[in-house]
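The chain contents come next:
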Amino acid sequence: QLSEYDATAAASGAAATKRFQDKGGAASTSTERVDMLATEVVEAVHDVIRRHKVTYEEYDALKAWLIQVGADGEWPLFLDVWIEHVVEEVANENREGSKGSIEGPYYVPGAPELPADATLPMRDDEQGTPLLFQGQVTDVSGAELPGATIEIWHADDHGFYSQYAPGLPEWNLRGAVTADEHGRFRITTIQPAPYEIPKDGACGKLISAAGWHAWRPAHLHVKVSAPGHQLITAQLYFRGGDYVDNDIAQAVKPELILDPVASADGGGNVATHDFVLDPS
Ligand code: MBD
Ligand code: FE
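Residues numbered from 1 in each chain as written. Chains lettered and ligands numbered in written order. Predicted model: local features only at pLDDT ≥ 70, side-chain atom pairs only at ≥ 80, totals over all residues.

(A) Summary view of the UniProt feature "domain: Intradiol ring-cleavage dioxygenases" (unreviewed entry) in the protein chain. UniProt marks residues 133-161 with the feature "domain: Intradiol ring-cleavage dioxygenases" (unreviewed entry), using the numbering shown here. Annotation note: span residues 133-161, helix share 0%, strand share 45%, distance between end C-alpha atoms 18 Å. (UniProt positions renumbered as here; feature names shortened; annotations may be inferred. Helix = DSSP H or I, 4+ residues; strand = E, 2+ residues; numbered from the N terminus.)

(B) Spatial organisation of the pairing of strand S13 (residues 269-272). Where strand S3 (residues 130-139) meets S13, four bridges bridge the pair, whose relative direction is parallel. Counted as the bridge partner of Phe133 is Ala271 from S13. Here strand S12 (residues 261-262) runs beside S13; their pairing, made up of two bridges, is antiparallel. Bridge pairing in S13 links Ala262 to Asn269. (Pairing = 2+ DSSP bridges.)

(C) Just the nonpolar core, in detail. Counting residues in each nonpolar core, the largest one holds 55 residues, and the members touching the most others are Val137, Ile150, Ile152, Val177, Val224 and Leu277. For this core, the elements supplying multiple residues, two or more each, are helix H4 (75-82), S3, strand S4 (149-154), strand S6 (184-190), helix H6 (202-210), strand S9 (219-225), strand S10 (232-238) and strand S14 (275-277). Looking at this core, the element that brings in the most residues is S10, giving five residues. Ignoring anything within four residues of it in the chain, the contact list for Ile152 reads Leu120, Gly175, Val177, Ile187, Leu220, His221 and Val222. (Core = buried A, V, L, I, M, F, W, Y, C linked by C-beta atoms within 7 Å. Buried ≥ 20, exposed ≤ 12 C-beta atoms within 10 Å, placed from the backbone. Contact = placed C-beta atoms within 7 Å.)

(D) Representation of the sheet that holds S10 within the structure. Within the open sheet, the six strands sit side by side as S1-S5-S4-S9-S10-S11. Their pairing is mixed. What marks the edges here is a single partner per strand, and that holds for strand S1 (113-114) and strand S11 (257-258). With two bridges connecting them, S1 and strand S5 (residues 174-178) associate as parallel partners. Bridging from a neighbouring strand, Glu113 pairs with Ala176 of S5.

(E) Quick peek at the environment of Ile83. Its place among the elements puts Ile83 in the loop between H4 and helix H5 (84-91). As a C-alpha pair, Ile83 and Pro166 span 83 residues in sequence and 27 Å in three-dimensional space.

(F) Fine view of the confidence of the model for the protein chain. Averaged over the protein chain, the pLDDT score is 97; the fraction of residues at 70 or greater is 100%. Interface scoring of the predicted complex returns ipTM 0.97; its pTM is 0.96. (pLDDT = per-residue confidence, 0-100.)

(G) Local environment of the site of ligand 1. All residues adjacent to ligand 1 are Leu77, Asp80, Val81, Ile102, Gly104, Pro105, Tyr106, Tyr195, Arg216, Ala249 and Ala251. Ranked by residues supplied to the shell around ligand 1, first place goes to H4 with three residues. Taken together, the residues of the shell around ligand 1 sort by class into eight nonpolar, one polar and two charged. (Near = placed C-beta within 6 Å. Nonpolar A, V, L, I, M, F, W, Y, C, P; charged D, E, K, R; others polar.)

(H) Broad picture of unusual backbone geometry. At Tyr243, a position not held by glycine, the phi torsion is positive, near 70°. Counting through the fold element by element, Tyr243 comes out in the loop between S10 and S11. Overall, the presence of 20 C-beta atoms within 10 Å leaves Tyr243 in the buried class. Positioned with a positive phi, Gln250 is a non-glycine residue whose angle comes to about 50°. Position of Gln250 among the secondary structure elements: in the loop between S10 and S11.

(I) Region of interest: the packing of helix H3 (residues 56-71) against H6. Running from N to C, H3 and H6 cross one another at 145°; their axes reach a closest spacing of 8 Å. Here Trp65, Gln68 and Val69 of H3 come into contact with H6, specifically with Ala202, Lys205 and Leu206. Tallied by class, residues from the contact of H3 with H6 come to four nonpolar, one polar and one charged. (Axes fitted to C-alpha atoms, helices over the stretch in contact; angles between N-to-C directions.)

Here is the structure:
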């Protein structure tokens, strides 16, 4: 019987790769775009080789590493940690409403549907500081969006995500909350821990070879949507938390940092955050 502490890079990588492939609908773009983008990416690599006089040993190390990324199933992790934040920046640069952030590799569609005042699925002995995450969804003119949906997923108090580490209930700390008639939601959960990129896979190998740190700050993932409006994918962080100023995935924005306050009963924290959706 495995527990979350038995998580391996290869098993979580395989699960993330399968999830991505199951999403289907492999996208494509025009021949002209592929020609331009592929040519410029390859030229950028040539430029680095020339400027830094990359050796055959280094070229072989890169080849071995790229092979390992695939073998470990870590392409989703690698791309979402080091590349996705710029794709997100470009995709949402003209949005008027709330800021978004990267989705990352651990979203799973189809989480249990929950009412506006909800507790996320969790173990009876779930560890971590209790958190009430509440807010309201409106449009850019300030009108309430009744029936908005807030899909939420996050790591547990040890930094593990259900369905990507063994021993966790399938939908632990995942839910799809329907807001009330004023677009409000009140979600009871626990505060996640910071997330450490697995050390035993290709991404961990790159991090240690480069002397980087492997951490993302603690975060809540959300997808907020309402009929007639653009879906926002975002992450919310905790002010003052470790790595908020130093996220390996470069996905923190000032607008996404929560200011939790101690709850009246002293049993945890309350964080209030509103979402503003652009029309679709
Ligand atoms: C995560 O939890 C995450 O959110 C991202 C973007 C990358 C790796 C792990
Ligand atoms: Fe995450």
